[in-house]
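# Overview (structure and organization)
Chain by chain, the residues:
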Amino acid sequence: MDVVFNVATPAWGWLLDLEIKGWKNESQASRKSVRSVKLLHTLCLHMIRRYVLDGETNQVDDFSDISGFAVHSSPSRRGTFDMSAHKSQFQDDNVFCGKEGLRSVAEIPLPYRNVFQEFPYFNPVQSRVIDDVLYTDRGLVVCAPTGSGKTVIFELAIIRLLMENQGPNFTAKIIYMAPIKSLCRERYEDWKVKFSSIGLQCKELTGDTEVDEYFEIHDAHVIMTTPEKWDSMTRRWRDNSLVQLVRLFLIDEVHTVNDESRGATLEAVVSRMKTLHLALLGADKTDPKEPPRLPLRIVALSATIPNVQDIAEWLSDTHGPAVFIKLDEELRPVKLQKVVLGFPCYQNQNEFKFDLSLNYKIAGVIQTYADQKPSLIFCATRRSTQQAAAVLVKEARFFIMAEQKQRLQIYSSQLRDAKLRDVLVHGVAYHHAGLDVSDRKVVEDVFTRGDLPVLFSTSTLAMGVNLPAHLVIIKATQHYVGGGFEEYSETDVQQMIGRAGRPQFDSSATAVIMTKIDTKWKYMQMLSGSTEIESSLHKNLTEHLNAEIVLLTITNTSVALAWLHSTLLYIRALKNPEYYGFRPDLDKLLIEKQLQDLCLRNLKDLSDAMLINMDKEVIKPTQNGRLMAGYCISFETMKMFGTLNESETLEEMIMLFSTSREFSDIQLRVSEKRALNALNAGKNNTTIRFPLSGKIKSSSMKVNCLIQAQLGCLPIIDFPLVQDTAKIFRIGLRLVKCYSDLQRPKKTFSSVLTALLLVQCFKAKLWENSLYVSRQLENIGTSLSNAMVNSNLTTFAKIEATNPRIIEIILNRNPPFGNQIIDAVHCLPNYDIGILQIPDYSPMVARISISLLLKNFTELQSQRTTSDNHFATLLVGDIENTLLLRQKITDHVLLKTGSWIKRLDVPRAKSGDELAFHLVDSEYVGLDVQRKFTPFYPRKLGSYTSLQCPSDQKLFGKVEMNAKQDIKPYLHQMESCQTKDPTAIHFKPACNHPYKNRGRQTKSKQQCLVTPATKRSAVSMYMAEMKSKDKQLYGPSLGKRLKTTQVPCSPAVNLSQFSFVAQSPLQHPQSSPRINDSSNISVFHTQRQVPLLVLNVNSSKN
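Residues numbered from 1 in each chain as written. Predicted model: local features only at pLDDT ≥ 70, side-chain atom pairs only at ≥ 80, totals over all residues. Heavy atoms only, no water.

Here we take up the pattern of salt bridges. As a working rule, side chains carrying opposite charge can pair if their charged atoms are close by. Summed over all chains, the structure comprises 41 salt bridges. Linking Arg 160 and Glu 164 is a salt bridge whose minimum nitrogen-to-oxygen distance equals 3.5 Å. Here Arg 160 and its partner Glu 164 are both found in helix H4 (residues 151–164), four residues apart, which amounts to about one turn of the helix. Between Lys 702 and Glu 672 there is a salt bridge, with its nearest N and O atoms 2.7 Å apart. (Salt bridge = Lys/Arg side-chain N within 4 Å of Asp/Glu carboxyl O. Helix = DSSP H or I, 4+ residues; strand = E, 2+ residues; numbered from the N terminus.)

As structure tokens, this is what we get:
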């Protein structure tokens, strides 16, 4: 790259030409040379400013806009500018050398300058890092105080990528990753407005995003996501082109890698992105036809990283470690005073009582340090925020002007929470995740406007919402986690006190920590920022090793150790081995040996659980291992799945799922117990389907109760419980999907059916036999669904048969609402199962033909209510609970011809012959179809196979035979199927021989027709066999038949009913109503032909 500064002034006639040549690109230049050029650039600008502002030049020539003058990264870009033409611009705006050394926004190329239109100069922190972020492509780690405008650094990195990849075909993806969803939402709301002017589309990807939303993400340029969500995305990166297009990876609050619960996911995701990038670069080198791939740049920001050099080493790329910049508190826009107050904690005081005692000391702290400016107080629990707010309203009175008082009353009238409404009018409020979204928004608005003197909040607000205050108080330094109290980490404390200071209002701020006297010295040291960031990957190494094995990143033990070297765990273990359980006196080789043993132990655990296969040194994933990685299931949960005995009921499965590690974040709060106990065993209320014994006293019982309450459509009034329920169902759906797809040695019919029904229930949020099927329709909520149930509209068939006007009267809606409901039901799939036994009889195997019909095939061609990935699963099992068939049938297959047919050989079970057919819909409750069918197995009488067919055999399913079907092969079965005694097959004597006097005598008096074995010649045996075959083929003589039919006083018989009637071929019904009546069975006989059993069944959506 040639960097050329040509500056001409007509009056002086001097020319300053500074050239540095020979660079192909800036990334190959040393940082020292780059800084030299920038220094010359700054010196040149100072010289120009001196001469121009002294008024030495009078001639003005027409040159290009001075705002285009900057250090550009594109090759061989030259420019000649007359500074005298812009003397006024220099004098008024100070374009290049801002006051006190600040960099001007004019350095940004003109097309992208609107992104920074809110300010003319970058602040000291931004000016310090602008050269490293805007003029190079190296990785960057910046540690700067909270409130110093670090977000602008991300925006400069995005501008750099746009400068390097200009053009209409911009396909690169930018990932912004933050630890919590609220940060992603805040950044999305901000950037979608800023970047829309330069053609960038933003998209938020958090929570469990539906599959169809991925298509929208493919069109987005900037994606906001969380580590957990991006972890699930990158675990399928080989099948997802979106992940391969990432060129800029922005990590906000990178210090959360120190978090014990979520830090391992962040570390694994970043390490995976590095490995992914290297794999793609290696693939490009092997294919010369592919264009060179742009490098992946990682930019990470945080407010609290004492060992920032370790993070930079972890985020290294092909050029070496990332550039790191650590800025002191001196550059903080608002100077911060830090105070630690110690309070006595008596022996009879537990943590709850100590926290409660601090509520009465807050008023004095506010009076001392607030200076009549807004105060933000962090509490350990939601209940603590409410209690502290109520105490402060009684203990203190704030000076509130009349206009401010009036505005507070207006705000309070918009709140839904009654307790919050009462305290807000006094200038006090609380904010936590249990509040309604609208209430939280009102509280944030009133605090941001400065009308609210005091706000109590939980610690999650420190990272969630940007609400700075003049005074920040941390009330008690312990919070409730996992059933016990834990001290705040240094990261949490730094984040909370970082909210102190409002740059637009204050020049100074104060942060106060209220703790016990015993821990006062600890927090005084903590405020100095001496605690280093550590890795937590070793605590969840098993899950992340399995994920890399599934991605084929790890294929043997050597590669596994090499992957471990790319993590922060390896870097920190060498520097602080004692933290990871190693002896502090170990050298590097011994520490690496300890890490190797740790890795091998985790691989052995995966192998023992049959999640991977280790053949010598080769490591391959199993199907269950792929499911574990794909659904992000913990190792403990997968081991729990392996202990199931395949006989668990629906109640037992829900109880087991409730104890999964995935629900460890769900906490049982004291304020929730009354509502949960009312759902579990309320005397006057409808309770859950499977009540729990005793009172709700654990988190797993809470999870179980909320699952059943949601499936049973029971009202959940408390908003915190509503939020927890939504989270439980997001996690639970992953669990039940994984369990349903799990490969197990002995799958039983009932276990697979239970798993499929659980998936259906979690998707529909209804029980499989729920009466509230209408709740699944669009525009039908809880109240409307209750109205339909009260009107006995409990099945889709009943809804479909109801007049639309009646539905509108029931729901109190105007036309055409009823027609819309009816149309939605019409466009749901209407299934029917047909079962036909193929006449290829065998004593031990029955061959049947199964057909799945789509009865409203024609209507679904034009419109469907279901999604594109909708499907149904057909299960077939016998009386011994053996799974004979599991078949997934998509709508795409059924919509081609309207039917699906499969032949199945069914082995005869020892306990009985009855078969069960169950069609389970993937999404909707009320569309399932169940059938029972008893196939015919011929009996063995010695060496001769009897083909006696019971006339009272009951078949469940549609059985039809084509009229054109050849029946000659079945003629030999004619006589045996026309047995005179229809009960013959039901009597099973011990000797298995035919008996006489079967209907008139007791079993003890029945006589066996077979005499004891006597010695017979071969000729007599041959003649007896010929006579038997003659009787079977041609039946009795005509005289005997006439004698048996001409019975005196018998009623007249219409022989036409025994004639053969040809059945028409099976067709697709054009419009088949859903009927709940029982099936009608018609039996047709023809003389000397096999009886054809025709069963017409109209299935319904139960």
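Turning next to the sheet that holds strand S8 (residues 246–251). The seven strands lie next to each other as S6-S7-S5-S8-S9-S4-S10, forming an open sheet whose pairing is parallel. At either end of the open sheet lies a strand with only one pairing partner, and these are strand S6 (202–205) and strand S10 (323–326). Each strand axis lies, on average, 15° off the axis of its neighbour in the sheet, ignoring direction. The sheet contact formed by strand S5 (residues 173–177) and S8 spans five bridges and is parallel. Paired with Ile 174 across the two strands is Leu 248, which belongs to S8. Its contacts with the sheet put helix H3 (residues 124–134) on strand S4 (140–143), strand S9 (297–302) and S10, and the angle it makes with S10 is roughly 170°. (Pairing = 2+ DSSP bridges. Axes fitted to C-alpha atoms, helices over the stretch in contact; angles between N-to-C directions. Contact = heavy atoms within 4.5 Å.)

All told, the structure shown has 13 aromatic pairs when counted by the stated rule. The interplanar angle of 80° and the centroid separation of 5.8 Å between the aromatic rings of Phe 641 and Phe 657 together place this pair among those described as edge-to-face. With Phe 641 in helix H25 (residues 635–642) and Phe 657 in helix H26 (residues 650–658), the pair connects residues that are 16 residues apart, well separated along the chain. Each member of the pair, Phe 641 together with Phe 657, is buried. Relative to Trp 767, the ring of Phe 690 lies with its centre 5.7 Å away and its plane at 85°, an arrangement referred to as edge-to-face. Within this pair, whereas Phe 690 is found in the loop between helix H27 (673–681) and helix H28 (699–711), its partner Trp 767 is found in the loop between helix H30 (749–764) and helix H31 (782–790), the two being separated by 77 residues in sequence. Side by side, Phe 690 and Trp 767 carry an identical accessibility label, which is buried. A cation sits over an aromatic face here: Arg 689 above Trp 767, 4.6 Å from the ring centre. (Phe/Tyr/Trp six-rings, centres within 6.5 Å; stacked < 30°, edge-to-face > 60°. Buried < 20%, exposed > 50% of the residue type's maximum accessible area, 1.4 Å probe, protein only. Lys NZ or Arg CZ within 6 Å of the ring centre and 35° of its normal.)

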